[in-house]
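Chain by chain, the residues run as shown.
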Amino acid sequence: MTELTSTDREALPLFVDLDGTLIKTDLMFESVCVLLKRNPLNLVLMIIWLLKGKATLKARLAERVDLSFRGWPFNEEFLDFLNGEKRNGRQLVLISAANERALQKFAEPLQLFETCVGSDEQINLKATAKRQRIEEITRGKPFSYAGNSKADIPVWEAAAEVIRVNCSSSLARNLCDTKPSRDFDPPGSRVRYLWQAMRPHQWAKNGLLFIPLTLAHQITDAHRLLHTVIGFVCFCLVASSVYLSNDLLDLKSDRLHSTKKTRPLAAGTLPIQTGMVAAIVLLLAAFALAHLQPREFMVILLGYWTLTVLYSLLLKRLFFLDLLTLASLYSLRLEAGAEAAQVNASIWLLGFSMTLFFGLAALKRVVELSKSTHAAVLPGRAYSRGDLTALTAQGLFACACSVLIFIFYIYADETRALYRSPEWLWPIAGLLGGILFRAWWLARKGTLNEDPVLLAVSDRPSQVATALMFVVLWLAI
């Protein structure tokens, strides 16, 4: 590989691709996510537009979606290079398959490019079409081109200088290296970023499916245990599908969040189209596997997924109802575990679950508000800093109620039928109260960074307390 001298390089006009090159994301798929979040039925409209051609789809999206570019992820190394070339007086042209209307809105605040060239309603300016347009603009004179994908190969073949940005190593190897070339912002492993976006650490929450089997003292029954394991896998697949879907719908608010902006989809390290495909595949795999389960389990799994979709589209923006929905989603896991193992989930367990997880959901909102960089409101939620006192009171009350319900459970008739010495369960109430007190104490100190629901598996004192709870449970049998 060779490089042009600075004088030779500055003499060549530089044509710059947008999607995946200047920015890590894609203008069209960003617009698709916004339109789907606005109304899922817009999917039908987009299919109709796509049947008329990609250029038509992009034009209609540009008409209906006014994108906010605040917080969008750039390929920073390449952007610094462009700023340097601009200062040196080099001619820079932004040319993209994105619709020209949306392209101009994006480029105007940058004040980096002399002109912008994009797709119209008839021509999707990609691959050979882009090459022809550049040759028309340059009138056959030499030029440099910066791109990132296979669609850019026809343009690179005609360019005097090849600039690869965010370009996979496999594609870079296949390109001719006899021309002067440069590389910027090499991408990381897409598989690693997809795994990160699936949030496997959150699968620990699905361990709730094993609770009904454990409390029914049937954990050694191989058949029931196998079905519970299958149920666990189903919920993990659905959960990851939902996490990906949520991240796709929340791109704007996540980029304004202090920690969520580093998530792979928001940060642009995982392409939006990859996230979309993965979300669909994971969901289909979950329901295919669920066919091995009792029919009631399938119904609960479908209800869980439906409620999560409603939560993503509407309920999470409604005061109080978002907390109630989160608590219900955890309780559905318990009910699903009971149906998978064909055991009963007592009313005590469901009541305990609703109050406990409502309290922890409130705690999560308190933590997010405390860490939010926005003085007024929590992005994407119906809460402001003025709600901190009310949320804290609701959360503490719900957590206290969960401990009280457990104490009542100790003296219930069905408990005496399951345990030889129910009074031995009393220490669990104290240990549970200690874990909850520690969670609120850490939140007040500002050191609770994890999801509060995962505190029992991520915090050493809470891990010890949880282990002791299981020991007490075993001794009481």
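In this report, we go over the structure that sits alongside the text.

Conventions adopted
- Residues numbered from 1 in each chain as written.
- Predicted model: local features only at pLDDT ≥ 70, side-chain atom pairs only at ≥ 80, totals over all residues.
- Heavy atoms only, no water.
- Helix = DSSP H or I, 4+ residues; strand = E, 2+ residues; numbered from the N terminus.
- Buried < 20%, exposed > 50% of the residue type's maximum accessible area, 1.4 Å probe, protein only.
- Contact = heavy atoms within 4.5 Å.
- Areas by Shrake-Rupley, 256 points an atom, 1.4 Å probe, with all protein chains shown as cover.
- Axes fitted to C-alpha atoms, helices over the stretch in contact; angles between N-to-C directions.
- Parallel < 35°, antiparallel > 145°, perpendicular 65-115°, else oblique.
- Left-handed = near helix turned anticlockwise from the far one by under 90°.
- Nonpolar A, V, L, I, M, F, W, Y, C, P; charged D, E, K, R; others polar.
- Disulfide = S-S within 2.5 Å.
- Expected span 1.5 Å × (residues − 1).
- Core = buried A, V, L, I, M, F, W, Y, C linked by side-chain atoms within 4.5 Å.
- Salt bridge = Lys/Arg side-chain N within 4 Å of Asp/Glu carboxyl O.
- Pairing = 2+ DSSP bridges.
- Right-handed = clockwise from strand over helix to strand, strands pointing away.

Notes on the overall build of the protein chain
Turning to step 1, where the next piece is worked out: Across its full length, the protein chain carries 23 helices and 6 strands.
Turning to step 2, where the next piece is worked out: Oriented by its inertia axes, the alpha-carbon framework of the protein chain measures out at about 90 × 45 × 40 Å.
Turning to step 3, where the next piece is worked out: Every one of the 477 residues in the protein chain was classed for burial, and the buried ones make up 51%.
Turning to step 4, where the next piece is worked out: Considering only contacts within the protein chain whose residues lie at least 6 apart along the sequence, 66% involve residues at least 24 apart.
Turning to step 5, where the next piece is worked out: As presented, the protein chain carries roughly 22300 Å² of accessible surface, and 61% of it is formed by carbon and sulfur atoms.

A word on the packing of helix 12 (residues 222-249) against helix 16 (residues 295-313)
Turning to step 1, where the next piece is worked out: The contact between helix 12 and helix 16 brings their axes to 10 Å, and the two run at 15°. Taken together, the axis directions place helix 12 and helix 16 in an arrangement best described as roughly parallel. Like other packed secondary-structure pairs, helix 12 and helix 16 cross with a definite hand, here right-handed. Contact with helix 12, carried on its side by Gly231, Cys234, Phe235, Val238, Ala239, Val242, Asn246 and Leu249, involves Phe297, Leu301, Tyr304, Trp305, Thr308, Ser312 and Leu313 of helix 16 and no other residues of that element.
Turning to step 2, where the next piece is worked out: For the contact of helix 12 with helix 16, a count of residues per class yields 11 nonpolar, 4 polar and no charged.

Regarding the state of the cysteines
Turning to step 1, where the next piece is worked out: A complete count under the given rule lists 0 disulfides for this structure.
Turning to step 2, where the next piece is worked out: With no disulfide of its own, Cys401 lies 9.4 Å from the sulfur of Cys399, the closest cysteine sulfur.

Describing helix 19 (residues 388-410)
Turning to step 1, where the next piece is worked out: The first and last C-alpha atoms of helix 19 sit 34 Å apart over 23 residues, in line with the 33 Å expected at 1.5 Å per residue.
Turning to step 2, where the next piece is worked out: Burial in helix 19 covers these residues: Leu391, Gly395, Ala398, Cys399, Ser402, Val403, Ile405, Phe406, Ile407, Tyr409 and Ile410.
Turning to step 3, where the next piece is worked out: Close packing links the buried residues of helix 19 with helix 17 (321-341), helix 18 (347-371), helix 20 (413-418) and helix 21 (426-445).

Topic: the nonpolar core
Turning to step 1, where the next piece is worked out: Counting residues in each nonpolar core, the largest one holds 126 residues, and the members touching the most others are Leu22, Phe78 and Leu82.
Turning to step 2, where the next piece is worked out: Per-element tally for this core: the top contributor is helix 18, with 12 residues.
Turning to step 3, where the next piece is worked out: Excluding its chain neighbours within four sequence positions, the residues that come into contact with Leu22 are Val16, Asp17, Phe74, Asn75, Phe78, Leu79, Leu82, Leu94, Phe106, Leu110 and Phe113.
Turning to step 4, where the next piece is worked out: In terms of nonpolar packing, the next biggest core, distinct from the first, is built from 15 residues, Val93, Ile95, Val155 and Val162 among them.

Here we look at the side chain of Asn206
Turning to step 1, where the next piece is worked out: In this structure, Asn206 sits in the loop between helix 10 (190-198) and helix 11 (211-215).
Turning to step 2, where the next piece is worked out: According to the relative accessible area criterion, Asn206 is buried, its value standing at 1%.
Turning to step 3, where the next piece is worked out: In contact with Asn206, other than residues within four places in its own chain, are Phe232, Phe235, Cys236, Ala239 and Arg333.

With respect to helix 4 (residues 54-64)
Side chains three or four residues apart in an α-helix point the same way, a direct result of the helix having 3.6 residues per turn.
Turning to step 1, where the next piece is worked out: With 8 of 11 residues buried, helix 4 is to be regarded as a mostly interior element.
Turning to step 2, where the next piece is worked out: Listed in full, the buried residues belonging to helix 4 are Ala55, Thr56, Leu57, Lys58, Ala59, Arg60, Leu61 and Ala62.
Turning to step 3, where the next piece is worked out: Tucked inside the fold, the buried residues of helix 4 contact helix 2 (27-38), helix 3 (42-51), strand 2 (92-99) and helix 6 (100-107).

Things to note about the environment of Phe408
Turning to step 1, where the next piece is worked out: Along the chain, Phe408 turns up in helix 19.
Turning to step 2, where the next piece is worked out: The class for Phe408 is partly exposed, based on a relative accessible area of 46%.
Turning to step 3, where the next piece is worked out: C-alpha separation for the pair Phe408 and Trp348, spaced 60 residues apart in sequence, amounts to 8.4 Å.

Points about the pattern of salt bridges
Turning to step 1, where the next piece is worked out: Summed over the entire model, instances satisfying the criterion amount to 24 salt bridges.
Turning to step 2, where the next piece is worked out: Ionic pairing is found between Glu423 and Arg416, a salt bridge with its closest N-O pair at 3.6 Å.
Turning to step 3, where the next piece is worked out: Classification of Glu423 by relative accessible area gives partly exposed; the value is 40%.
Turning to step 4, where the next piece is worked out: Assessed through its relative accessible area of 42%, Arg416 is described here as partly exposed.
Turning to step 5, where the next piece is worked out: One continuous salt-bridge network, built from bridges that share partners, spans Arg60, Glu63, Arg64 and Glu121.

Details of the pairing of strand 3 (residues 115-119)
Turning to step 1, where the next piece is worked out: For strand 3, the buried fraction is high: 4 of the 5 residues fall into the buried class.
Turning to step 2, where the next piece is worked out: As judged from the 4 bridges shared by strand 2 and strand 3, these two strands associate in the parallel manner. Following the sheet pairing, Asn99 is matched in strand 3 by Ser119.
Turning to step 3, where the next piece is worked out: Taken together, strand 2, helix 6 and strand 3 constitute a β-α-β crossover, and its handedness is right-handed.

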